[in-house]
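If you want the building blocks of each chain, they are given just below.
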Amino acid sequence: MSTTIIDTDFNFPNQKSVYKGKVREVYTLENDLLVIVATDRLSAFDVVMPKGIPYKGQILNQIATKMMADTADIVPNWLTATPDPNVAVGAACEPFKIEMVIRGYMSGHAAREYKAGKRVLCGVVMPEGMKENDKFPEPIITPATKAEHGDHDEDISKEAILEKGIVSSDDYAVLEKYTKALFARGTEIAAKRGLILVDTKYEFGKTRDGKIVLIDEIHTPDSSRYFYADGYQERQDRGEAQKQLSKEFVRQWLIQNNFQGLEGQTVPEMSDAYIESVSERYIELYENITGESFVKADISDIQNRIENNVLAYLKEV
C-alpha cells in the first residue's frame, strides 16, 4: 500500500462533478455541498512534483481547519465539517478569480522582483533602500490571477482587476477588508507561537445567496511564509538569511537543482531520504504553527479510510 495519497477517484452519493487542483481534489455534490480532499501532492513554482509527501495533506487540512475556526468571528468561511484528517466539507461557492496576496515583509517573490530592479509590484510602490526580509511600513496587497489548467498565476493590480471587471468595486472592497483583518489575526496567532507571519494568500468565493466567504486553505505552510521571531532582527542586521517555516525550503532546493518551473527545465529527482526530510519539516511546521503535537493518521490504506469516513458523514447529513 502507498503511504501517500496522490490521486483519488471517489464516487460519492449525489456526486455531480470533480475538479482536480494542484494539491486538492474537489468533489461537488448536490445541494451545493463540496467534499475537498487534501492530497499529499507537492506543488512548487506552479508545478506538481512527481512524488507525494507523507502526511502533507493531513497537515495542510488540519492547519487550515484550525485557522478557519480561529478567524470565523471576523470573516465567514465555507467550512462545515472535517470527517477525515485529509477532508474538509462545506458550502459550494463561486470562487473569485483572484488570489488576495498580502505581504508584511519583502520576501519571496517580492524580494526577487525587487532584486531585479522593480519598485512597483501589482501597482503598489515598494520603498527604496529595502533589504530582503525587511518589514514593509504597512502590509501591502499584491493580488494574483487564479491560474487554470496548470498555468502560472500572474501578478495583477487592483486597478486592472476593476478595469477588466474580474471583481466588482463593491466586492473588491470587501475582499480587501477581509484580507487585512485575516492578516492581522494571523499575525497575532503567529506571535503567540514565537513566529512572524511574513506573507500569505487568501481566496474567497460567493455563496448562492450572495455572501462572500473565505475558501481554500489559510495560514498553512503552502499558502504562507513564517519566520522565527527570535533572532529576526539580529539576522537582518548581520545580513543573514532568516530562519523560516514555509515551503520556501523546497523552492530553494529546486532552485539549487536548476529548476524554477521554466520551459525546458526538468524536475530534479527526489530521493526517498529527501522526501522523508520534507515530511519531517512539514510536521515541524504543523507543531510550530499550531502549538500542538502532530498526531499521525493511519496511512496503511488512505483511500479506503477517506472513503469510509466521508460516506459515514454523508449518511448523517
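Note: the structure precedes this text.
Residues numbered from 1 in each chain as written. Predicted model: local features only at pLDDT ≥ 70, side-chain atom pairs only at ≥ 80, totals over all residues. Heavy atoms only, no water.

Asker: Account for the overall build of the chain, naming residues and giving values.
Answerer: If you tally the helices and strands in the chain, you get eight helices and 18 strands. Relative to a compact globule of 317 residues, whose C-alpha radius of gyration would be 20 Å, the chain shows 19 Å and is just as compact. Each of the three principal axes of the chain carries a C-alpha extent, and together these read 60 × 50 × 45 Å. Relative to its 317 residues, the chain shows a buried fraction of 51%. Across the chain, contacts joining residues at least 24 apart in sequence account for 64% of those joining residues at least 6 apart. For the chain, the accessible surface area stands at approximately 15000 Å², while carbon and sulfur atoms represent 48% of it. Across the chain, 38 positive and 51 negative side-chain charges occur, with their mean positions spaced 3 Å apart. (Helix = DSSP H or I, 4+ residues; strand = E, 2+ residues; numbered from the N terminus. Rg over C-alpha atoms; globule rule 2.2 N^0.38 Å. Buried < 20%, exposed > 50% of the residue type's maximum accessible area, 1.4 Å probe, protein only. Contact = heavy atoms within 4.5 Å. Areas by Shrake-Rupley, 256 points an atom, 1.4 Å probe, with all protein chains shown as cover. Lys, Arg positive; Asp, Glu negative; His and termini not counted. Charge placed at Lys NZ, Arg CZ, Asp CG, Glu CD.)

Asker: Let's hear about the sheet that holds strand β7 (residues 87–91): which residues, and what values?
Answerer: Reading across the sheet, the five strands line up as β1-β2-β3-β7-β6 and stay open at both edges, with antiparallel pairing between neighbours. Edge positions in the sheet fall to β1 (15–20) and β6 (79–84), since each of these pairs with one other strand and no more. Taking the axes of each pair of neighbouring strands and ignoring which way they run, one obtains an average angle of 20° across the sheet. The sheet contacts of helix α1 (residues 56–71) involve β2 (24–29), β3 (33–38), β6 and β7, and relative to β6 the element is tilted by about 145°. Sheet contacts for helix α8 (residues 302–316): β2, β3, β6 and β7; angle to β6, the most-contacted strand, approximately 135°. (Pairing = 2+ DSSP bridges. Axes fitted to C-alpha atoms, helices over the stretch in contact; angles between N-to-C directions.)

Asker: Would you mind going over the nonpolar core in detail, with residue names and values included?
Answerer: Core analysis: the largest hydrophobic core is formed by 80 residues, its most contacted members being W78, F204, L254 and Y282. No other element matches helix α7 (residues 272–290), which puts eight residues into this core. Aside from chain neighbours lying at most four places away, what touches L254 is A44, F45, M49, F259, P268 and M270. If you look at the next biggest cluster of nonpolar residues, it comprises 10 residues, including A111, M130, F136 and I140. (Core = buried A, V, L, I, M, F, W, Y, C linked by side-chain atoms within 4.5 Å.)

Asker: Give a description of the pattern of salt bridges that names residues and reports values.
Answerer: Working definition: two side chains of opposite charge can pair if their charged atoms are close together. If you walk through the whole model with that rule in mind, you get 25 salt bridges. The salt bridge involving E25 is made with K20; its shortest N-O contact spans 3.6 Å. Among the salt bridges present, the one from E284 reaches R281, with a minimum N-O distance of 3.6 Å. Residue E284 and its partner R281 are located together in helix α7, separated by three residues, close to a single helical turn. Its relative accessible area of 28% is what places R281 among the partly exposed residues. Here the salt bridges do not stand alone but share partners, grouping D7, K20, E25 and R41 into one network. (Salt bridge = Lys/Arg side-chain N within 4 Å of Asp/Glu carboxyl O.)

Asker: How would you sum up empty space enclosed by the protein? Please name residues and give values.
Answerer: As enumerated under the stated definition, the model contains one cavity of 30 Å³ or more in all. Put simply, the largest cavity is a space of about 50 Å³. By residue class, the composition of the lining of the largest cavity is five nonpolar, two polar and two charged. (1 Å grid on protein atoms, 1.4 Å probe; cavity = no way out; pocket = protein on both sides within 12 Å on 5 of 7 lines; lining within 4 Å. Points joined across faces, edges and corners; volume = space filled by probe spheres on them. Nonpolar A, V, L, I, M, F, W, Y, C, P; charged D, E, K, R; others polar.)

Asker: Could you give an account of the side chain of N86, with specific residues and numbers?
Answerer: Relative to the elements of secondary structure, N86 occurs in the loop between β6 and β7. Overall, the relative accessible area of 4% leaves N86 in the buried class. Here N86 is in contact with I5, I36, V37, A38, D40, G57, Q58, N61, R305 and I306, once residues within four sequence places are set aside.

Asker: An account of the pairing of β7 is needed here, citing residue identities and associated values.
Answerer: It is a general feature of regular strands that their side chains alternate between the two faces of the sheet. Among the five residues in β7, four count as buried, and that is most of the element. Here β3 runs beside β7; their pairing, made up of five bridges, is antiparallel. Within β7, the position partnered with V37 by the bridge is V87. The pairing of β6 with β7 spans three bridges and is classified as antiparallel. Bridge pairing in β7 links D84 to V87.

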